[in-house]
Amino acid sequence: MEKVRLNSGVEMPILGFGVFQIPSEETERVVTDALAVGYRLLDTAAAYGNEEAVGRAIRNSGIPREELFVTTKLWIQDAPAQDNTRHAFETSLAKLGLDHLDLYLMHQPFGDVYGQWRAMEDLHREGRAKAIGVANFYPDRLLDLIVNNEVVPAVNQIETHPFFQRADYQELMREHGVRIQSWGGLAEGKNDIFTHPVLSEIAEKHAKSVAQVVLRWLTQRGVVAIPKSVRAERMAENIDVFDFELTDDQMESIATLDTGTALIFDHHDPAIVGQIAKRRLND
Ligand code: NAP
């Protein structure tokens, strides 16, 4: 599996596995299947409620810890966030049964962002989080965080798929040493993506599925992808994208599908901010 080097020096697989919206009672089986199929990057979050099940699957797999790349995410903390962030980090680690994380992400650009980030910087300096990053930061918020803090986020995990491609933003992030990671890379199945005529035609030419074309397109752009599936055959399909290459013409055809706007969550939409920003977890 191809890897990318993050600004902290850590290497991360370019393709991993996400566990959003997988009920905790199903997660252990799903992650066990994903590890058996060959995924080594796992992406969970405190807010997903399935960290313990991810941890059980990791332990039962017998795969050495150093071969895995585990990401979890800090949910929104009130000010002053320093102590709360450390507590949230320890809670996540205890649930996962790990002593360090490969990547710890601030899940949302809300709450006491500065307090959260400074506590995350401390955890990084202590070696507990090998890399730290953010999610759902639009350019204005990301630049503010970069210029006013010491550690530059290693990753920004944002909605990125054929209908919202983020090419200019990827370039800006690259200039600052921030790696783009796609969430919702398969657009969560929206917009009839799996039968889209442009994507289907390209898929047919390579004897691949539309999902494989989309994941190839992301990784060929240097975007780290973390598709989710509860079905083992789709997990295998989604990781099997390294034996073909999209031509420049095919990359250009896919570029025409960009709408330039979010399809799933727009973190600039006051209604979405209102919904997400006030949610708090119990522990
Ligand atoms: P996604 O990966 O774009 O799409 C998942 C959907 O596609 C599921 O309905 C899945 O169904 C289906 N699917 C997967 N592979 C398929 C295939 N080969 N053919 C047909 N259908 C297929 O959506 P996502 O889960 O929202 O995003 C991926 C990961 O990103 C998440 O799991 C999570 O780790 C992360 N994420 C982060 C944030 C954030 O705020 N940072 C937000 C959203 C997601 P089945 O499961 O039934 O196969």
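Structural data are supplied above this passage.
As a starting point, this report considers the structure included with it. (Residues numbered from 1 in each chain as written. Predicted model: local features only at pLDDT ≥ 70, side-chain atom pairs only at ≥ 80, totals over all residues. Heavy atoms only, no water.)

1. Observations concerning the sheet that holds strand β5 (residues 69–74)
Taken in spatial order, the 8 strands line up as β3-β4-β5-β6-β7-β8-β9-β10 in an open sheet, and their pairing is parallel. The open sheet has two free edges, formed respectively by β3 (17–18) and β10 (224–225), since each of these has just one partner strand. Bridge count between strand β6 (residues 103–106) and strand β7 (residues 132–135): 3 bridges; the pairing is parallel. Across the sheet, Y104 pairs through a bridge with I132, a residue of β7. (Pairing = 2+ DSSP bridges. Helix = DSSP H or I, 4+ residues; strand = E, 2+ residues; numbered from the N terminus.)

2. Overview of the pairing of β7
Going residue by residue along β7, you find I132 and V134 tucked away on one face and G133 and A135 tucked away on the opposite face as well. Running through helix α4 (residues 113–125), the crossover from β6 to the neighbouring parallel element β7 is right-handed. One ladder, built from 2 bridges, connects β7 with strand β8 (residues 155–159); its direction is parallel. Directly across from V134, in β8, lies its bridge partner N156. A crossover connection joins β7 to the parallel β8 through helix α5 (residues 139–147); in handedness this β-α-β unit is right-handed. (Buried < 20%, exposed > 50% of the residue type's maximum accessible area, 1.4 Å probe, protein only. Right-handed = clockwise from strand over helix to strand, strands pointing away.)

3. Overview of the site of the ligand
With respect to spatial proximity, 27 residues lie near the ligand, and among them D43, E188, K228, S229 and R234 are the closest. N136 is positioned with one of its side-chain polar atoms (N or O) 2.8 Å from an oxygen atom of the ligand. Isolated, the ligand exposes 900 Å² of accessible area, and the fraction of that covered by the protein chains is 89%. With 3 residues, the single largest contributor to the shell around the ligand is helix α9 (residues 232–239). (Near = heavy atom within 4 Å. Polar contact = N/O pair within 3.5 Å; in protein donor to acceptor, adjacent residues only side chain to side chain. Areas by Shrake-Rupley, 256 points an atom, 1.4 Å probe, with all protein chains shown as cover.)

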